[in-house]
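# Observations on the three-dimensional arrangement
Here is how the chains run, residue by residue.
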Amino acid sequence: MTCAECGNTVTEEGVVTRLDGSVYHFCCPSCEQQFTETYEELHARTSE
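Thresholds applied
- In this convention, every chain numbers its residues from 1, walking through the sequence in written order.
- Reporting in this predicted model follows two pLDDT cut-offs: at least 70 for local features of residues, and 80 or more for side-chain atom pairs to be given and counted; totals over whole chains, interfaces and linings ignore these cut-offs and use all residues.
- Note that the side-chain values use all heavy atoms of the structure and ignore hydrogens as well as water.
- Strands here mean DSSP runs of E at least two residues long; helices mean DSSP runs of H or I at least four residues long; both are numbered from the N terminus.
- Partly exposed residues are those whose accessible area sits between 20% and 50% of the maximum for their type, while under 20% is buried and over 50% is exposed, using a 1.4 Å probe and protein chains only.
- By definition, residues are in contact when any of their heavy atoms lie within 4.5 Å.
- Residue-level accessible areas treat just the shown protein chains as cover; the underlying method is Shrake-Rupley with a 1.4 Å probe.
- UniProt positions are given in the numbering used here, feature names are shortened, and annotations may be inferred rather than shown by experiment.
- Expected span of a helix, by definition, is 1.5 Å for each gap between consecutive residues, and there is one gap fewer than residues.
- Directions pointing from the helix axis toward each C-beta atom define the arc.
- Aromatic contacts are taken between Phe, Tyr and Trp rings whose centres are within 6.5 Å, Trp giving its six-membered ring; a plane angle under 30 degrees counts as stacked, one over 60 as edge-to-face, and the others as tilted.

### Points about the overall build of the protein
On a plain count of helices and strands, the protein comes out with one helix and two strands. When the helices and strands of the protein are read in sequence order from the N terminus, they spell out β-β-α. In the protein, which comprises 48 residues, the proportion classed as buried is 23%. Taking all contacts inside the protein whose residues are at least 6 apart in sequence as the whole, residues at least 24 apart take part in 15%. A total accessible area of about 3,500 Å² is found for the protein, and carbon and sulfur atoms account for 47% of it.

Structure follows, in structure tokens:
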């Protein structure tokens, strides 16, 4: 499995997040945080 943010391999130390019903896998908490912030920004723009 690859990280949704950076493309690195996700290991057992990875992070899983669900956003709007979709599941995303990340290699580390910092990738999860960056992805989530970007996702929320884009979602807020499209909701205006």
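### Focus: the UniProt feature "domain: TRASH" (unreviewed entry) in the protein
Sequence positions flagged by UniProt for "domain: TRASH" (unreviewed entry) are, in local numbering, residues 3-39. Secondary structure over residues 3-39 splits into 30% helix and 27% strand, and the C-alpha atoms at its two ends are 15 Å apart.

### Describing the environment of threonine 36
With respect to the secondary-structure elements, threonine 36 resides in helix H1 (residues 29-46). Sequence spacing of threonine 36 and threonine 17 is 19 residues, and the spatial spacing of their C-alpha atoms is 8.6 Å. The residues contacting threonine 36, other than those within four sequence positions of it, are Thr17 and Leu19.

### Brief notes about H1
Taking 1.5 Å of rise per residue, the 18 residues of H1 would be expected to cover 26 Å, and the 26 Å separating its terminal C-alpha atoms lies within 8% of that figure. Of the positions making up H1, those classed as buried are Cys31, Glu32, Phe35 and Thr36. Considered in projection along H1, the buried side chains sweep an arc of 125 degrees and stay on one side of the axis. The inward-facing, buried residues of H1 contact strand E1 (15-19) and strand E2 (22-26).

### Some points on the packing of aromatic side chains
A full pass over the atoms with the stated rule returns four aromatic pairs. The interplanar angle of 20 degrees and the centroid separation of 6.3 Å between the aromatic rings of phenylalanine 35 and tyrosine 39 together place this pair among those described as stacked. Remark: tyrosine 39 and phenylalanine 35 occur in helix H1; sequence separation between them is four residues, near one turn of the helix. Residue tyrosine 39 is classed as partly exposed on the basis of its relative accessible area, which comes to 22%. Aromatic ring contacts, followed pair by pair, group Tyr24, Phe26, Phe35 and Tyr39 into a single cluster.

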